[in-house]
Amino acid sequence: LKEAAKITDSVFSEILPLVKPGVREIELSAEISYRHLMKGADKDSFDAIVASGPRSALPHGVATDRKIKKGEFVTFDFGCIYAGYPSDMTRTVVVGKATKEMRKIYNVVLEAQIAGVKAIAPGVKCADLDGIARKIITDAGYGDKFTHSLGHGLSQIVHALPVLAANSKEKLAPNNVVTVEPGIYIENFGGVRIEDDVLVTENGYEIFN
């Protein structure tokens, strides 16, 4: 799992310079798949999400032939499988210069994501983790724009237990690996999601990304 995350991190750093106006989402998706394989991955964990402009408000906006424009959000959600184990990472960028509102939304999501990660430890209730991140987004006025759970487990499948959701009855245990991925999605404007893969250790956590 750690090696899969490392490969995905490396691919993202190579993809960033390719993000510019006029590039199609599908081209970036193809580059992600190619670079995963070239770095030793078995294959992609799932079809890469490359969602630009208003499409970044779609939590599951798989890449299309849409051309990226200046001043837009672009959300990347992708991962690879290495030796049978998957990574799953999300990053959101702006092409060109971010507006004040874009920065505000991004920083709220980042604050929620960091708070969710920092609360990870053995015995913590999964529902409480979701609540910690959700409260930050709700207090900022975007509660109804965070439309999915905080995260999920990673094992030999991408969506595994435990689930970090408000209705979860589970608690974290050492050696669980979970995603922490809050988001804000505003229709006809765009969205932000930030996601890391995190190991539950004996007395805290370790971020793989």
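Bear in mind the structure is a predicted one, so any value in this text is a computation, not a measurement. Counting of residues starts from 1 at the beginning of each chain's written sequence and follows it residue by residue. With pLDDT at 70 or above as the cut-off, local features in this predicted model cover only qualifying residues; side-chain atom pairs require 80 or more to be listed or tallied, and sums for whole chains, interfaces and linings still use all residues. To obtain the side-chain values, all non-hydrogen atoms of the structure were included, while hydrogens and water were left out.

Draft legend 1. Structural view of helix 1 (residues 2-15). The end-to-end C-alpha separation of helix 1 is 20 Å, in line with the 20 Å expected for 14 residues at 1.5 Å each. To sort residues, take the accessible area from a 1.4 Å probe on protein chains only and compare it with the maximum for the residue type: under 20% means buried, over 50% means exposed, and anything in between is partly exposed. Note on conventions: DSSP H or I runs of at least 4 residues are helices, E runs of at least 2 residues are strands, and numbering of each starts at the N terminus. Among all positions of helix 1, only Ala4, Ala5, Ile7, Thr8, Val11, Phe12 and Ile15 are buried. Seen from one end, helix 1 has its buried residues packed into an arc of 160°, which puts them on one side. The contact criterion used throughout is that any non-hydrogen atoms of two residues lie within 4.5 Å. The secondary structure elements touched by the buried residues of helix 1 are helix 2 (25-38), strand 3 (73-78), strand 4 (80-82), strand 5 (85-86), strand 6 (89-94) and strand 12 (196-200). Given the number of residues in a helix, its expected span is that number minus one, multiplied by 1.5 Å. The directions considered for the arc run from the helix axis to the C-beta atoms.

Draft legend 2. Quick peek at the packing of helix 3 (residues 100-118) against helix 4 (residues 126-139). Angles here are taken between N-to-C directions and fall from 0 to 180 degrees, while the axes themselves are lines fitted to C-alpha atoms, restricted in helices to the stretch in contact. Where helix 3 contacts helix 4, the axes come no closer than 8 Å and their chain directions differ by 160°. The angle between helix 3 and helix 4 places the two elements in the roughly antiparallel class. Helix 4 is crossed by helix 3, and the crossing has right-handed handedness. Of helix 4, the residues touching helix 3 (which contributes Val108, Glu111, Ala112, Ala115 and Gly116) are Leu129, Ile132, Ala133, Ile136 and Ile137. Classification used: nonpolar for Ala, Val, Leu, Ile, Met, Phe, Trp, Tyr, Cys and Pro, charged for Asp, Glu, Lys and Arg, polar for all others including Gly. Looking at the contact of helix 3 with helix 4 residue by residue, the class counts come to 8 nonpolar, 1 polar and 1 charged. Here roughly perpendicular refers to angles of 65 to 115 degrees, roughly parallel to angles under 35, roughly antiparallel to angles over 145, and oblique to all remaining angles. The sense of a crossing depends on the near helix, which, turned anticlockwise from the far helix by less than a right angle, makes the crossing left-handed and, turned clockwise, makes it right-handed.

Shape descriptors only; they carry no functional weight alone.
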